[in-house]
Amino acid sequence: MNRFIAQWARYIARFIQIQLFLSTVSLPILVMWGLPISLMTGVGNFVFNPFLAVFLLCASFIFFTELLYIPNGLLIIALEKITQFWAYCLSFGSKAWLVGFDKSSLVIVTIATVCAFLTLQHKRLGQLYPSIIALSLILFSTTGYLAFNRPCNFEGTITCGKKEISILSFDNKVILKDYGAFAKKLSPESWVQFNLIPEIIQKTGKTKIDCVIVENPSMLTFQALTALCQHSRITMIELPYFDEELSKAGWRAYFEFKRKAEEEGVIIKRPSKNL
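In this report, we go over the structure that sits alongside the text. Just so it is clear, the structure is predicted and the values come from calculations on it, not from any experiment. (Residues numbered from 1 in each chain as written. Predicted model: local features only at pLDDT ≥ 70, side-chain atom pairs only at ≥ 80, totals over all residues. Heavy atoms only, no water.)

## Some words on the pairing of strand β5 (residues 173-178)
Covered by surrounding structure in β5 are V174, L176 and D178 only, the residues K173, I175 and K177 on the alternate face being uncovered. Sheet analysis places strand β4 (residues 163-170) next to β5, joined by six bridges and oriented antiparallel. The residue of β5 that forms the bridge with I167 is L176. A loop of two residues connects β4 with β5, the two strands running antiparallel in sequence, and D171 in this loop sits at a positive phi of about 50°. (Buried < 20%, exposed > 50% of the residue type's maximum accessible area, 1.4 Å probe, protein only. Helix = DSSP H or I, 4+ residues; strand = E, 2+ residues; numbered from the N terminus. Pairing = 2+ DSSP bridges.)

Shown next as structure tokens:
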């Protein structure tokens, strides 16, 4: 029994060591691409590994039973249950767990990465438990310093075609103002997810947007706002008054955006007709 506990403790310690190392060396890539890091990365990876092993094992059995014409109804049901349970676990995730770092911190995280490599190569510090302590100090001191030293004030723009989105960051708040850029892309969802949000993180180091101000909304604008609500934390969105200006597709996109905003707890500020 004691041997089993010792082996299990060493397995957990080895997992923590690898997780700390990977989290540290991945920081330059995340910062360069404007991707946030999750505070629950270690917990997620620890829980996900058994699910992945069982899922792949079950899927492999289904594949070979299909090739050999062996009945596999129970395997398919098991795979569906595994997928449903994993999706249920993922539903507890929160965008509040995401932490971003601005691009100016690239030098610091690169130094932290070099220190992580040197730690594992060191004769004494490279051992299991000393390396856990050293890597923890490197990772948490680096991320803590960067989290408390984000740019206090920032003012800039993000260009999309000939249109722009202005970014204003002050007093730990981020405000976006759209000047028609949301409506310039035929696939605004992918542009928001892979271009806009990473650029905001690169410039401000923040993952939360306090206010989005929109002028002249259209169908593509509401599609972009829907994606923004889905992939980022937003407190409030200000819209101008509009009534008969939208097409049927535009109204459909607006109600889809409104549904997603209510689901994510985003406040929609829209002036009345009399104002």
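## A short note on the environment of V214
Relative to the elements of secondary structure, V214 occurs in strand β6 (residues 208-214). When the C-alpha positions of V214 and I62 are compared, they lie 50 Å apart, and in sequence the two are 152 residues distant. If near-sequence neighbours (up to four positions away) are discounted, V214 is found in contact with D178, F182, T221, L225, E238, L239 and P240. (Contact = heavy atoms within 4.5 Å.)

## So, the pattern of salt bridges
Considering all chains together, one arrives at five salt bridges under this definition. Of the charged contacts in the structure, one is a salt bridge between E263 and R259, with a shortest N-O distance of 3.0 Å. With a gap of four residues between them, E263 and R259 both fall in helix α9 (residues 248-264), about one helical turn apart. Residue E263 pairs with K260 through a salt bridge whose shortest N-O separation is 3.1 Å. Of this pair, E263 and K260 both sit in helix α9, separated by three residues, roughly a single helical turn. Judged by relative accessible area, K260 falls into the buried class, the value being 11%. Each member of the salt-bridge network shares a partner with another, and the members are E256, R259, K260 and E263. (Salt bridge = Lys/Arg side-chain N within 4 Å of Asp/Glu carboxyl O.)

## Here's the deal with the nonpolar core
Among the nonpolar cores identified, the biggest contains 33 residues, and F182 and V212 are the most heavily contacted of them. Of all elements in the fold, only β3 (154-160), β4, β5, α7 (188-204), β6, α8 (219-231), β7 (233-238) and α9 reach the threshold of two or more residues within this core. Within the second largest apolar cluster, 17 residues are counted, among which are F21, F101, A116 and I132. (Core = buried A, V, L, I, M, F, W, Y, C linked by side-chain atoms within 4.5 Å.)

## Overview of the packing of helix α1 (residues 2-25) against helix α3 (residues 41-67)
The geometry of α1 relative to α3 is characterised by a closest axis approach of 11 Å and an angle of 130° between their N-to-C directions. Relative to α3, the element α1 lies oblique. The crossing of α1 and α3 is right-handed. Here W8, Y11, I12, F15 and Q19 of α1 lie close against α3, whose contacting residues are T41, G42, N45, F46 and N49. Its residues placed into classes, the contact of α1 with α3 shows five nonpolar, five polar and no charged. (Axes fitted to C-alpha atoms, helices over the stretch in contact; angles between N-to-C directions. Parallel < 35°, antiparallel > 145°, perpendicular 65-115°, else oblique. Left-handed = near helix turned anticlockwise from the far one by under 90°. Nonpolar A, V, L, I, M, F, W, Y, C, P; charged D, E, K, R; others polar.)

## Overview of the pairing of β6
With respect to burial, β6 is a largely interior element, five of its seven residues being buried. Sheet analysis places β5 next to β6, joined by four bridges and oriented parallel. If you follow D178 over to β6, its bridge partner there is V214. Across five bridges, β6 lies against β7 in parallel orientation. Residue pairing across strands places C211 opposite M236, the latter belonging to β7. In this fold, β6 hands off to α8, which returns the chain to β7; that crossover is right-handed. (Right-handed = clockwise from strand over helix to strand, strands pointing away.)

## Comments concerning a nonpolar patch on the surface
A surface patch of nonpolar side chains, amounting to about 960 Å² of accessible area, comprises F4, I5, W8, Y11, L39, M40, V43, F46, V47 and W97. If you list the elements that add at least two residues to the nonpolar patch, you get α1 and α3. The element that contributes the greatest number of residues to the nonpolar patch is α1, accounting for four residues. Following the sequence through the fold, L39 ends up in the loop between β1 (37-38) and α3. (Patch = residues over 30% accessible without salt bridge, like charges linked within 9 Å, V, L, I, M, F, W, Y side chains within 5 Å. Areas by Shrake-Rupley, 256 points an atom, 1.4 Å probe, with all protein chains shown as cover.)

## Regarding the sheet that holds strand β8 (residues 267-269)
Pairing within the open sheet is mixed, and its six strands lie in the order β3-β4-β5-β6-β7-β8. Strands with a single pairing partner mark the edges of an open sheet, and in this sheet they are β3 and β8. When the angles between neighbouring strand axes are averaged without regard to direction, this sheet yields 20°. α7 contacts β3, β4, β5 and β6 of the sheet and is inclined by roughly 160° relative to β3.

## Topic: the packing of α1 against helix α6 (residues 128-148)
Two elements in contact, α1 and α6, have axes whose closest approach is 9 Å; the angle formed by their N-to-C orientations is 35°. In terms of crossing hand, the pair formed by α1 and α6 is left-handed. Together, A9, R10, A13, R14, I16, Q17, L20, F21, S23 and T24 of α1 and L128, Y129, S131, I132, L135, S136, I138, L139 and F140 of α6 make up the contact between the two elements.

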